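# Structural features, examined
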Amino acid sequence: MVGLMAPFTIELDFKRGVLHPCNNIIQRHLSDMRGTYLDEAATEEAIEGGDPLLYEVYQYDVPFENGQLLVVTSIIQPGKVGDEYYMTKGHFHEKEETAEVYVGLRGRGYLLLETRGGEFKALPVEPGTVTYIPPYWAHRMVNTGQEEFIFFGVYPADAGHNYGEIEVRGFSKVVVERDGQPTLVPNPKREER
Ligand code: PAN
Ligand code: ZN
């Protein structure tokens, strides 16, 4: 059973996306995402050239127990590796029957979603867009804009993250720049299979 806990407030800076106070801050550099982007040569070149920070996550941790919720903001920098826009790693929840809500706060991009059965969706997200990620859907955010892409999320504290499968296979589509425009194209990694 969940213990009795004191209610609390924290502050969300809508402009910068940070939570304050915050007890779990994660930074992901390109070197933490080797193999995620299609262009391996561009990946290695950018890592050698300074290993850019791609995104930060501010999560307010509470006990990872059934019944608790985690609140979290993510800040994805603008940029590309090769012609692929900066994005989160993406994951299934370990407890696959758990959902999540993302709310766009700043900048723009896509939420990519996919089921194990191969059903795929790409939802455009801008400030004020509330997206519902149902149970069983893997999810990834992609920054297709010129500024930071900032979004807020809430999900069950015992959901957990399974990154392995997405690391290997990616999603069935990738978001790349074509003629200056964000464009969804089939993931060649999937076509090799
Ligand atoms: C989010 C994500 C966050 C970073 O809080 O964890 O945006 O993305 P990755 O975890 O894929 O690196 C969430 O979906 N939590 O479940
Ligand atoms: Zn999630």
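Here the structure is shown first, and the text comes after it.
Residues numbered from 1 in each chain as written. Chains lettered and ligands numbered in written order. Predicted model: local features only at pLDDT ≥ 70, side-chain atom pairs only at ≥ 80, totals over all residues. Heavy atoms only, no water.

Helix and strand counts for the chain come out as three helices and 17 strands. Taking 16 Å as the expected radius of gyration for a compact globule of 193 residues, we find that the chain reaches 17 Å, a close match to that expectation. Along the first, second and third principal axes, the C-alpha atoms of the chain reach 55 × 35 × 30 Å. The buried share of the chain, taken over its 193 residues, is 45%. Entry remark: accessible area of the chain is about 9900 Å², with carbon and sulfur atoms responsible for 52%. On the chain, the mean spot of the 18 positive side-chain charges and the mean spot of the 30 negative ones are 3 Å from each other. (Helix = DSSP H or I, 4+ residues; strand = E, 2+ residues; numbered from the N terminus. Rg over C-alpha atoms; globule rule 2.2 N^0.38 Å. Buried < 20%, exposed > 50% of the residue type's maximum accessible area, 1.4 Å probe, protein only. Areas by Shrake-Rupley, 256 points an atom, 1.4 Å probe, with all protein chains shown as cover. Lys, Arg positive; Asp, Glu negative; His and termini not counted. Charge placed at Lys NZ, Arg CZ, Asp CG, Glu CD.)

Time to look at the coordination of the zinc ion (ligand 2). The zinc ion (ligand 2) binds to the protein through His-91 (NE2), His-93 (NE2), Glu-100 (OE) and His-139 (NE2); the donor distances cover 2.1 to 2.3 Å. Taken together, the six donor atoms coordinating the zinc ion (ligand 2) span angles of 76 to 174 degrees at the metal, a pattern that classifies the geometry as octahedral. All donors of the zinc ion (ligand 2) come from a single chain, and their spacing in sequence reads H-x1-H-x6-E-x38-H. Residue His-91 is located in the loop between β7 (84–85) and β8 (92–93), and its partner His-139 is located in strand β13 (residues 138–143); the two are separated by 48 residues in the primary sequence. Looking at His-91, the relative accessible area reads 9%, which means it is buried. (Donors = N, O, S within 2.8 Å, 3.2 Å for Na, K, Ca; no water. Tetrahedral: all angles 85-135°; square planar, octahedral: opposite > 155°, others 65-115°.)

Position of Thr-131 relative to the elements: it lies in strand β12 (residues 130–133). Once residues lying within four places of it in the same chain are set aside, the contact partners of Thr-131 are Glu-100, Val-101, Tyr-102, Leu-111 and Val-125. (Contact = heavy atoms within 4.5 Å.)

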